Amino acid sequence: MAFTSSHLRLYFIMGSQDCPDQDPIDVLEQAIAGGITMFQFREKNSDLTLSETVALGRHLREICRQHNIPFIVNDRADLALILDADGVHVGQEDLPAREVRRLIGPDKILGVSAENIAEARQAIENGADYIGVGPMFLTSSKSDARFPIYPEALQAIREQLEEPFPIVGIGGITASNAHKVMAAGADGVAVISAITKAEDPKRAAEALAQAVGSTKM
Ligand SMILES: C=C1C=NC(C(F)(F)F)=NC1=N
Ligand SMILES: [Mg+2]
C-alpha cells in the first residue's frame, strides 16, 4: 500500500478492549462507512489469547483490504507479518524502530510515537513513514498515558522539522477539539474512544471527518 500523509486524516485505532459491549468487526465497518482513512489494530491489556488475537486480526485485516484502508498493527511486528498488515506502529518503549524496519522491509508502513523534536528526528532517522504525537489531551484509552502535551507540542515539532513530514496527533481527540490539532500542523488525527464509545460509530466518524476536513491547511 503506497502511503501518503492524506492517509493520516482520520486514523482509527481499536482493539477488543475498546469494545466491551459491541463487536469490533461491526464497529470497524461502521467507522469505515463514516469515512476513516487508516486503521490500527491495537490489542492492549486484552483478555484475548494470542490465537484469538490472530483470528480477530485476520477478520479486521480483510475488511480493511476490501475497502482499501491501510491496516496497521500496534507494537507487534510478528503479528503484523502474520496478518500481512500494511505496517506497524511502535512507541519509544517497544521494539526499536530500526529493527522493525529491517523486519518488515522497505515497502511496509512504519509509524513511530514521538513527544518532542529529538524523538521525531530519531524516528525519521530510523526509517519512520509517519510519527504519532501525543497525548494531545487527557485520554481514557491509554492506561499508561503521560501528561497531555497539547497541540502546541505538535506545532513545535512541525516548526522545527526541516522538511514536511507526516504527523498525526493522538490522545483525547474529539470532533470538538480536532480543529486545534489540525491548526497546530497535523496531517490528521488518531482516535479511539471518540468512535468506539459513540452511540453511532458511523455518525461519530462522519463528525470527526467533517471537523478535520473543515480545517484544510
Ligand atoms: C501510542 C500510539 C501513538 N500514536 C499512534 C498513531 F496514532 F498511530 F500514530 N498510535 C499509537 N498506538
Ligand atoms: Mg506501543
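Cut-offs applied
- Residues numbered from 1 in each chain as written.
- Chains lettered and ligands numbered in written order.
- Predicted model: local features only at pLDDT ≥ 70, side-chain atom pairs only at ≥ 80, totals over all residues.
- Heavy atoms only, no water.
- Donors = N, O, S within 2.8 Å, 3.2 Å for Na, K, Ca; no water.
- Helix = DSSP H or I, 4+ residues; strand = E, 2+ residues; numbered from the N terminus.
- Near = heavy atom within 4 Å.
- Polar contact = N/O pair within 3.5 Å; in protein donor to acceptor, adjacent residues only side chain to side chain.
- Areas by Shrake-Rupley, 256 points an atom, 1.4 Å probe, with all protein chains shown as cover.
- Nonpolar A, V, L, I, M, F, W, Y, C, P; charged D, E, K, R; others polar.
- Salt bridge = Lys/Arg side-chain N within 4 Å of Asp/Glu carboxyl O.
- Phe/Tyr/Trp six-rings, centres within 6.5 Å; stacked < 30°, edge-to-face > 60°.
- Buried < 20%, exposed > 50% of the residue type's maximum accessible area, 1.4 Å probe, protein only.

Caption draft 1: Representation of the coordination of the magnesium ion (ligand 2) within the structure. For the magnesium ion (ligand 2), the full set of protein donor atoms is D75 (OD) and D94 (OD), and the range of their distances to it is 2.0 to 2.1 Å. With D75 in the loop between β3 (71-74) and α3 (77-82) and D94 in the loop between β4 (87-90) and α4 (97-104), the pair connects residues that are 19 residues apart, well separated along the chain.

Caption draft 2: Representation of the site of ligand 1. Taken together, Y11, I13, Q40, N74, H89, S113, Y130, G132, V168, I170 and A190 make up the full set of residues near ligand 1. N74 is positioned with one of its side-chain polar atoms (N or O) 3.2 Å from a nitrogen atom of ligand 1. Between a nitrogen atom of ligand 1 and a side-chain N or O atom of H89, the distance comes to 3.4 Å. When isolated, ligand 1 has an accessible area of 310 Å², and the protein chains bury 91% of it. Every element with two or more residues in the shell around ligand 1 is listed here: β1 (10-14), β6 (130-133) and β7 (167-170). Along the lines of polarity and charge, the residues of the shell around ligand 1 split into six nonpolar, five polar and no charged.

Caption draft 3: The pattern of salt bridges, seen in detail. Evaluated as defined, the whole model comprises 14 salt bridges. Across the pair D75 and K44 runs a salt bridge whose closest N-O atoms are separated by 2.5 Å. With a gap of 31 residues between them, D75 in the loop between β3 and α3 and K44 in the loop between β2 (38-41) and α2 (50-66) connect regions that are remote in the sequence. Note that D187 is salt-bridged to R158, the shortest N-O span being 2.9 Å. Here the residue D187 occupies a position in the loop between α7 (178-183) and β8 (188-191), and R158 occupies one in helix α6 (residues 150-160), the gap between them amounting to 29 residues. Three or more residues joined by partner-sharing salt bridges are found here, namely E62, R65, D84 and K108.

Caption draft 4: Quick peek at the packing of aromatic side chains. By the definition in use, this model includes six aromatic pairs. Ring geometry for F12 versus F39: centroids 5.7 Å apart, planes at 50°, classification tilted. Here the residue F12 occupies a position in strand β1, and F39 occupies one in strand β2, the gap between them amounting to 27 residues. The pair formed by F12 and F39 is uniform in burial state, with each residue classed as buried. Consider the rings of F39 and F71, whose centres lie 6.0 Å apart with planes at 35°: the pair is tilted. One end of the pair, F39, is in strand β2; the other, F71, is in strand β3, and 32 residues separate them in sequence. With respect to class, F39 is no different from F71; both count as buried. One aromatic cluster is present, formed by F12, F39, F41 and F71 through successive ring pairs.

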